2 protein chains.
Amino acid sequence: MKIVIVGASGTMGSYLSNAFEKEHEIVRAGRTGADVKVDITSSYSIEEMYQQIGAFDALISTAGPSFVGPWKNLTAETFRIGMDGKMLGQINLVLIGQHYINPKGSFTLITGALTHDPQKNFANASAANAAVEGFVRAAAIELQNGIRINAVSPTVIEASPQYFPFFPGELPVTMKQLEFGFRKSVFGANTGQVIKPY
Amino acid sequence: MKIVIVGASGTMGSYLSNAFEKEHEIVRAGRTGADVKVDITSSYSIEEMYQQIGAFDALISTAGPSFVGPWKNLTAETFRIGMDGKMLGQINLVLIGQHYINPKGSFTLITGALTHDPQKNFANASAANAAVEGFVRAAAIELQNGIRINAVSPTVIEASPQYFPFFPGELPVTMKQLEFGFRKSVFGANTGQVIKPY
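Summarised in this report is the structure supplied together with it. Fair warning: this is a prediction, and the values are worked out from it, not measured in the lab.

So, about the pairing of strand β2 (residues 25–30) of chain A. Each regular strand displays side chains that alternate between the two surfaces of the sheet. All names here are of chain A. Relative to β2, strand β1 (residues 2–6) runs parallel, the two sharing 5 bridges. Residue pairing for β2: Val4 is matched across the bridge by Val27. Taken together, β1, helix α1 (residues 11–20) and β2 form a β-α-β motif whose crossover is right-handed. Pairing of β2 with strand β3 (residues 36–37), which is carried by 2 bridges, proceeds in the parallel orientation.

This is the structure we're talking about:
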């Protein structure tokens, strides 16, 4: 299976790339340190990425900046960070990528428990995650040719201990759990689901 | 109570304005036919609106354009309609309005069942609604001075029969049910809730 991983140089993306490359052809995409450069905040850059890659069977996204910081600094301007990044960036990966993906292919996007379990400093990610999950459910009834779409929604992940203090009461998701969440989406048959890998 | 209703000339906004004006001071805001003009896709216009209105006790939003139409016409460009309108428009009403609202005031935004029950042609609204609901939950733990925030999430409403064919299997929400959903948010004590008025 030819699998595109967007955000491949990040903590989650590099783990998943390594885990899946034993059995699959992996195309690493990202802003830096990847096979194919892409800035998901630009639909032009996304289109270019897909033209470089050609047909593929699955896309995994672990990408998406959002604004993290005190509520008083969350303004109409800073809110745009998560909207253009984690939200529209990932949604555009699908809206554009549907024209390049093979029949019966799949898109798997990253969201997070903040959708329903907010934490201070992360309102921008709560909104972006929720939007992606709403989009996933809606896109699942629209996509043609057996193309599937799901989101994987972890809590804080064990490989990012710097975030632990911001997520009181959240048992970190192990990297193996995270990997298996993505496995369920990519190699299973579900669509329109928000997969909680814990 | 001084209540600002944004989208006051729309189907929902005019009903709510009439229902609430018997007992409260209503400020009708909207793009047209309102006491105060506002274009919620512009944070500058929102700021101007609040400066005109001064302190208030509750804001109700029934405003928010989104792209409705065939999936094939949903692109990176058309997706922006719901993002700048129903999503960021309503979110900016809160981010900016929190500096004008009285202590213990409330914001009540409009979402809809499409968040969890998608229908064809409405993926843009599914994402926008979901984002607003994620934001509402997150903002509820951040807002200061006892300020509350909720969303009201109806299905298709009885006063908009032109939408019935697009919502098979959805029992239309009556205008009285809708009104009482907003009453629960404005006059109750809940915060961070998505109120389903059915």
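Still to come is the rest of the account.
Throughout the structure, instances matching the rule amount to 8 salt bridges over all chains. A salt bridge links Arg183(A) to Glu179(A); the shortest N-O distance between them is 2.8 Å. Note that Arg183(A) and Glu179(A) are positioned in helix α5 (residues 175–187) at a spacing of 4 residues, about one turn of the helix. Between Arg28(B) and Glu21(B) there is a salt bridge, with its nearest N and O atoms 3.2 Å apart. The class of Glu21(B) is partly exposed, set by a relative accessible area of 40%. The network of salt bridges with common partners includes Lys176(A), Glu179(A) and Arg183(A).

Right, let's get into the interface of chain A and chain B. In this complex, chain A contributes 36 residues to the contact, which on the side of chain B involves 36 residues. Here chain A meets chain B over a buried area of about 3100 Å², counting both sides, of which 66% is carbon and sulfur. Among the residues of chain A in contact with chain B, Trp71(A), Arg137(A) and Glu142(A) are the three that bury the most area, contributing 23% of the side total. The tally of links from chain A across to chain B stands at 2 salt bridges. Put simply, Asp84(A) and Arg80(B) hold a salt bridge, and the shortest N to O gap is 3.1 Å. Inspection of the region where chain A meets chain B yields 9 residue pairs in polar contact (both at pLDDT 80 or more). Contributions of two or more residues to the side of chain A that touches chain B are made by α3 (79–97) and α4 (123–140) of chain A.

Turning next to the sheet that holds β3(A). Residue and element names in this part refer to chain A. Strands sit in the order β3-β2-β1-β4-β5-β6-β7 across an open sheet of 7 strands; the sheet is parallel. The open sheet has two edge strands, β3 and β7 (193–195), and neither has a second partner. Packing against the sheet, α3 makes contact with β1, β4 (56–61), β5 (101–110) and β6 (148–152), and its axis sits at approximately 175° to β5.

Moving on, we get to the relation of the copies chain A and chain B. For the pair chain A and chain B, the best superposition has an RMSD of 0.0 Å and corresponds to a rotation of 180° with a translation of 0.0 Å parallel to the axis. In short, the pair behaves as if placed about a two-fold rotation axis. For chain A, the minimum C-alpha distance to the rotation axis belongs to Ala131(A) and amounts to 2.1 Å. When the interface residues of chain A are mapped onto chain B, 100% of them are again interface residues, pointing to one common binding face.

Along the chain, the position of Asn92(A) falls in helix α3. Given the relative accessible area of 7%, Asn92(A) is considered buried. Excluding anything up to four places from it in sequence, Asn92(A) contacts Ser43(A), Ile46(A), Gly97(A) and Ala76(B).

Moving on, we get to the sheet that holds strand β2 (residues 25–30) of chain B. Residue and element names in this part refer to chain B. If you walk across this open sheet you meet the 7 strands as β3-β2-β1-β4-β5-β6-β7, and the pairing is parallel. On the outer flanks of this sheet lie β3 (36–37) and β7 (193–195), each paired with one strand and no other. Relative to strand β6 (residues 148–152), strand β5 (residues 101–110) runs parallel, the two sharing 5 bridges. From the neighbouring strand, Thr108 faces β6, where its bridge partner is Asn150.

Residue and element names in this part refer to chain A. As for its placement among the helices and strands, Pro154 is situated in the loop between β6 and α5. It is 7.3 Å that separates the C-alpha atoms of Pro154 and Tyr198, two residues lying 44 residues apart in sequence. Those residues in contact with Pro154 that lie beyond four places of it in its chain are Ile110, Thr111, Gly112, Ala113, Val173, Leu178, Pro197 and Tyr198.

Before going further, it helps to examine the packing of α3(A) against helix α3 (residues 79–97) of chain B. Axis separation between α3(A) and α3(B) bottoms out at 12 Å; the angle between their running directions is 160°. When the axis of α3(A) is compared with that of α3(B), the two are roughly antiparallel. In the packing of α3(A) onto α3(B), the handedness of the crossing is right-handed. Contacts from Phe79(A), Arg80(A), Met83(A), Asp84(A), Met87(A), Leu88(A), Ile91(A) and Leu95(A) of α3(A) reach α3(B) at Phe79(B), Arg80(B), Met83(B), Asp84(B), Met87(B), Leu88(B), Ile91(B) and Leu95(B). Per-class residue counts for the contact of α3(A) with α3(B) are 12 nonpolar, no polar and 4 charged.

This next bit is on the packing of aromatic side chains. For the structure on display, the rule yields 18 aromatic pairs over all chains. Ring geometry for Tyr50(A) versus Tyr100(A): centroids 5.3 Å apart, planes at 15°, classification stacked. Note that Tyr50(A) is positioned in helix α2 (residues 43–53) and Tyr100(A) in the loop between α3 and β5, a separation of 50 residues in sequence. By the burial criterion, Tyr50(A) is buried, and Tyr100(A) matches it. Residues Phe79(A) and Phe135(B) carry aromatic rings whose centres are separated by 5.7 Å and whose planes lie at 80° to one another, so their mutual orientation is edge-to-face.

What counts, and at which threshold
Residues numbered from 1 in each chain as written. Chains lettered and ligands numbered in written order. Predicted model: local features only at pLDDT ≥ 70, side-chain atom pairs only at ≥ 80, totals over all residues. Heavy atoms only, no water. Pairing = 2+ DSSP bridges. Helix = DSSP H or I, 4+ residues; strand = E, 2+ residues; numbered from the N terminus. Right-handed = clockwise from strand over helix to strand, strands pointing away. Salt bridge = Lys/Arg side-chain N within 4 Å of Asp/Glu carboxyl O. Buried < 20%, exposed > 50% of the residue type's maximum accessible area, 1.4 Å probe, protein only. Contact = heavy atoms within 4.5 Å. Buried area = accessible area lost by both parts, 1.4 Å probe. Polar contact = N/O pair within 3.5 Å; in protein donor to acceptor, adjacent residues only side chain to side chain. Axes fitted to C-alpha atoms, helices over the stretch in contact; angles between N-to-C directions. Least-squares fit on C-alpha atoms with pLDDT ≥ 70 in both. Parallel < 35°, antiparallel > 145°, perpendicular 65-115°, else oblique. Left-handed = near helix turned anticlockwise from the far one by under 90°. Nonpolar A, V, L, I, M, F, W, Y, C, P; charged D, E, K, R; others polar. Phe/Tyr/Trp six-rings, centres within 6.5 Å; stacked < 30°, edge-to-face > 60°.

Honestly, that's just the spatial picture; any functional story needs more than this.
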